[in-house]
Amino acid sequence: MHPHVEEIARNLPHEPGCYLFKDGGGRVLYVGKAADLRKRVTSYLKRGGDGRFLLAFLEDEARDLDFVATGTEQEAILLENTLIKKFKPRHNLRLKDDKSFLMLRLDEGEDWPWFRFVRRRRADGARYFGPFSSARSIRRTLRLLHRLVPLRDCSDAVFAGRTRPCLKHQIGRCPAPCVGLVTREAYRAALDRAVAILSGATADVEVELERRMGEAAEALRFEEAQARKADLDALRRISERQQVVGVLDRDVVGLWRDAGEAWIAVLSYRDAGLEDTRTHRLRTHLPDGELVAQVVGRLYDGDRYIPREVLLPAEPADRDALEAWLRHRRDGPVDLLVPQRGDKRKAVEVASRNARLVAEAAARGADTAEHDLEELRALLGLAAAPRRIHCLDVSTIQGRDTVASRVAAVDGRACPAEYRRFRIRGDAQGDDFAAMRQAVARSLGLCLDDDGDPWPDLLVVDGGRGQLSAARDALAELGEDLPLAALAKDKPRGGGRTGERVFVPGRPTPIPLAEGTPTFRILCGLRDEAHRFAIGYHRKLRERLGSELDDIDGLGPRRRRALLRRFGSIAGIRAAALEDLCRVRGLPRAVAERVHERLREGG
C-alpha cells in the first residue's frame, strides 16, 4: 500500500461520506460510501489470510485518496451515485443495460394538459407520477383513470389536426377539447380530480361515486348504477396499485463468480408471478459484500421502480443505510433480506443458478466467437483475429440530409457503447464517396482523441471499391494504418441470386462470401446493424426537422406528410418553388404560400 494513501486513511473523520481512490495521474479508480469513513477505509488496508488486500487494486494502482463528508448516510449514497456517473471509475459497477421504468408526465402549463408516458424525470416544471412496476401496470392504471375522469390522450399533432370528435369521445373517455366541446374550466377541474386520484386522495371521489350509485339504484336506473359501480371498482384498483398491495412485489438477486467475473441475475416478481429477468456481466474483484451493495445502488438509482422486498445472495456493506435510502425513495417500506432457509432462500438459489447458466452459455459463445473470428482473419489475410470491429454505413435520400452510422462488435458481440452517429457536412452530402470519407475520418478521429473510443482491429464499410478507396483516403489523411474491408452485394447477370462479396486493399478481385458461414454472419450482421442504425437516425432527424412545419396555420399532419413524401426533407421543401408546392395534392395555394414564406425566412 502506498504510504500516502495509508496516512490519509488514518486521518479520515468518523463521519458518513464518500471516499475516492485515485491513481498517480489523478484518475478516480473507485468510489465508495461509508457510515464511518475512517473505519471503512482502514479496513481495506488490512491484509487477509491470503496476504492480499480486501480491494485487490489498492496495492498496485492506488496512489491518492480523497473524501467528501456528508450529513447522513443517505446523502452519502446519493453522492456516491453522482460521483460514479461523473468519473466512471473502472473498478465501480455500471449496469449500462439496466432500464428505467415508465412514469406518467403531466405539464400543467400546456393549453390542454394530458398524461404522457416517459422514462426519465426531468427538472422541467412538470409533474411526474411513478415509476410504476411494469408497462402493463401503468397502462392499466391510465385506462382506469380515463374511465373515471375523461381526458385527452392524443399527441399534439393529432390534437391539432382534428376536425370532429374521435371514437373515445363517443364512448365517454375524452371530453373532445380538440373541437371545443369542453370549456377550459371544466377540463381543469377534471384534471385536478385525476391528479388527486393518482396522488392517493380518493376518499371524496369514492363517496361521490357511492352516492350517485345509490341515487341511480333508488330511481331504478340500474344500468347507470352498474356503471357507477364499475367506476368505483376501477378507482379502488388504482388506489390499491398506488399502495402496492399485490400478492408479490419482490426482486430476487442471484450471483455467480468465475475467474475475475461476476454474473448477476435479477428476477422480478409482480402480482401473480415472474414478470421480468435481467442479467449483468461484471468484470470485478470486489468482495461479495461490496459487490452486492454496489449492485443494489445501481439497480435502483434514478427513475427505477423499487419493490417492497429485495432478496440478496450476500450481506451488503452498509445494509442499514441502503435500506433507509430505498425506503426514502420509495416513500414506503422496503426490506433487504439475505435468507438462509425456506422458500426465499430457494428463490435466491434459483436466481444464482440462472446467473451460472448464463455465464456458462456465454463461455460457450466465446469459444464459438473465437473460432469465427479466426476464420475471418484467414479470409481477409489479417495478422491477428479482429477482436474489435467497427462498421460504417451512409444513409441519404435524394442526396439530402445525409447521415452516417458506426456500429461496433467486440469478440463477436455487439457493443452499443461504441455506436456513433454523424450528420454529413458540406458538399459531401451529395457525394457517396465523399460522405464515406468524411464518416471514416470523423469516426477514427473519435478514437484518436485522448480518452476517446478504442481503436478498432478492423474497419468495414458498406459499399464497393469506391467506398473502400474513400476509407483509405481518410486513413491517409489521418496518417494512420488499419485493416480495411468493404462489403457489397453481388448482383449476377441474368437475374441470378444476389450474393455478398468483400473488397480488401491489394486484391484485384473481391472475395465471395458463402451464405451461412461464420464470416458471412459476422460481416453481414454488422453491415445490417449499421444500416438499421443509420436509417433510424435518418428518420429521427427528419421527424425533428419536421417541427419547422408544426406551427404553420392550415398545415395539419396529412399535409405535412404529403409535403415530405413529395420533396423528401425540409431542405427539399425549402428549395422548392412556390408553384411546385402548389402542385402537392390537397395543399391550398394560401397554405403553400405560408409554407414557402416561413421556410424561406428560416433558411
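These notes cover the structure that comes with them. (Residues numbered from 1 in each chain as written. Predicted model: local features only at pLDDT ≥ 70, side-chain atom pairs only at ≥ 80, totals over all residues. Heavy atoms only, no water.)

### Quick notes on the overall build of the chain
The line we're drawing: A run of H or I in DSSP becomes a helix once it reaches four residues, and a run of E becomes a strand once it reaches two; helices and strands are each numbered from the N terminus. Exposed residues in this analysis have more than 50% of their type's maximum accessible area, buried residues have under 20%, and partly exposed residues fall in between, with area computed by a 1.4 Å probe over protein chains only. Contacts: residue pairs with any heavy atoms within 4.5 Å of one another. Areas reported here follow the Shrake-Rupley algorithm with a probe of radius 1.4 Å; residue values treat only the protein chains shown as occluding.
Helix and strand counts for the chain stand at 20 helices and 19 strands. A buried classification covers 44% of the 603 residues belonging to the chain. Put simply, of all contacts in the chain between residues at least 6 apart along the chain, 60% involve residues at least 24 apart. Summing over all exposed atoms, the chain offers an accessible surface of approximately 30900 Å²; the carbon and sulfur share of this is 48%.

### As for the packing of helix α4 (residues 73-87) against helix α11 (residues 288-299)
Put simply, the rule reads: Axis geometry follows a simple rule: fit a line to the C-alpha atoms, using only the stretch in contact for helices, then measure angles between N-to-C directions, giving values from 0 to 180 degrees. The scheme is simple: roughly parallel for angles under 35 degrees, roughly antiparallel for over 145, roughly perpendicular for 65 to 115, oblique for anything else. In this classification, Asp, Glu, Lys and Arg are treated as charged, Ala, Val, Leu, Ile, Met, Phe, Trp, Tyr, Cys and Pro as nonpolar, and every other residue, Gly included, as polar.
With their axes 11 Å apart at the nearest point, α4 and α11 run at an angle of 85° to one another. Taken together, the axes of α4 and α11 lie roughly perpendicular to each other. Seen from α4, the contacting residues are E80, N81 and I84; seen from α11, they are Q294, G297 and R298. When its residues are assigned to classes, the contact of α4 with α11 shows 1 nonpolar, 3 polar and 2 charged.

### Thoughts on the side chain of Q467
Rules: Two N or O atoms form a polar contact when they lie within 3.5 Å of each other; inside protein one atom must be a possible hydrogen donor and the other a possible acceptor, and for residues adjacent in sequence the pair counts only when both atoms belong to side chains.
Among the secondary structure elements, Q467 is positioned in helix α15 (residues 465-478). Within the local environment of Q467, its side chain forms a polar contact with the backbone nitrogen of G464, the two atoms lying 3.0 Å apart. Look past the residues within four positions of Q467 in its chain and what remains in contact with it is D432, F433, M436, V461 and D462.

### Topic: the environment of D320
Secondary-structure assignment places D320 in helix α12 (residues 319-330). Residue classification places D320 among the exposed positions, given a relative accessible area of 60%. Spatially, the C-alpha atom of D320 lies 9.5 Å from that of A35, the residues being 285 residues apart in sequence.

### Considering the sheet that holds strand β5 (residues 115-118)
Two pairing modes exist for strands in a sheet, parallel and antiparallel, and in both the strands are linked by backbone hydrogen bonds. Going by this rule: Strands pair, by our definition, only if DSSP identifies at least two bridges between them.
Reading across from one edge, β5-β4-β6 is the order of the 3 strands in this open sheet, with antiparallel pairing throughout. One side of each edge strand has no neighbouring strand; the edge strands of this open sheet are β5 and β6 (127-129). Between one strand axis and the next, the sheet turns through 35° on average, direction left out of account. Note that strand β4 (residues 103-106) and β6 share 3 bridges and pair antiparallel. From the neighbouring strand, L104 faces β6, where its bridge partner is F129.

### What to know about the packing of aromatic side chains
The geometry of an aromatic ring pair comes down to the distance between the two centres and the angle between the two planes. Stated precisely, the cut-off is as follows: Between rings of Phe, Tyr and Trp, where Trp is taken as its six-membered ring, a pair exists when centres lie within 6.5 Å; planes separated by under 30 degrees are stacked, by over 60 edge-to-face, and by other angles tilted. Only when the NZ of Lys or the CZ of Arg is both within 6 Å of the ring centre and within 35 degrees of the ring normal is a charge said to sit over the ring.
A complete count under the given rule lists 7 aromatic pairs for this structure. Judged by centre distance (6.4 Å) and plane angle (45°), the ring pair of Y19 and Y30 falls under tilted. Here Y30 lies in strand β2 (residues 28-34) and Y19 lies in strand β1 (residues 17-22), a separation of 11 residues in the sequence. Comparing Y19 with Y30 shows no difference in burial state: the two are buried. Following the ring pairs from residue to residue traces out a cluster consisting of Y19, F21, Y30 and Y44. Directly above the ring of F159 sits R152, whose terminal nitrogen or CZ lies 4.3 Å from the centroid.

### Overview of the environment of G381
The topology assignment puts G381 in the loop between α13 (342-380) and β12 (388-397). Relative accessible area serves as the criterion here: at 61%, G381 is assigned to the exposed category.

### Overview of the environment of I171
Note on placement: I171 falls in the loop between α7 (167-170) and α8 (184-198). Distance from I171 to P150, taken between C-alpha atoms, is 9.9 Å for residues 21 residues apart in sequence.

### Digging into the sheet that holds β2
Within the open sheet, the 3 strands sit side by side as β2-β1-β3. Their pairing is antiparallel. What marks the edges here is a single partner per strand, and that holds for β2 and β3 (64-69). Strand-to-strand twist across the sheet, computed as the mean angle between neighbouring axes with direction ignored, equals 20°. Taken strand by strand, helix α1 (residues 3-10) contacts β1 and β3, and its axis lies near 20° from that of β3.

### So, the state of the cysteines
To keep it simple, the criterion reads: Any two cysteine sulfur atoms within 2.5 Å of one another count as a disulfide.
Scanning the entire structure with this criterion turns up 0 disulfides. C174 provides the cysteine sulfur closest to C166, a residue in no disulfide bond, and the two sulfurs are 5.2 Å apart. Unpaired in this structure, C178 has its nearest cysteine sulfur neighbour in C154, at a distance of 6.0 Å. A relative accessible area of 21% means that C178 is categorised as partly exposed.

### Considerations on the nonpolar core
What counts, and what does not: In these notes, a set of buried Ala, Val, Leu, Ile, Met, Phe, Trp, Tyr and Cys residues joined through side-chain atoms within 4.5 Å is what counts as a nonpolar core.
Among the nonpolar cores identified, the biggest contains 46 residues, and Y19 and F21 are the most heavily contacted of them. Every element with two or more residues in this core is listed here: α1, β1, β2, α2 (37-44), β7 (249-258), β8 (261-270), α11 and α12. With 6 residues, α11 is the single largest residue contributor to this core. The next biggest cluster of nonpolar side chains, apart from the first, holds 25 residues, and it includes L104, F115, V205 and L209.

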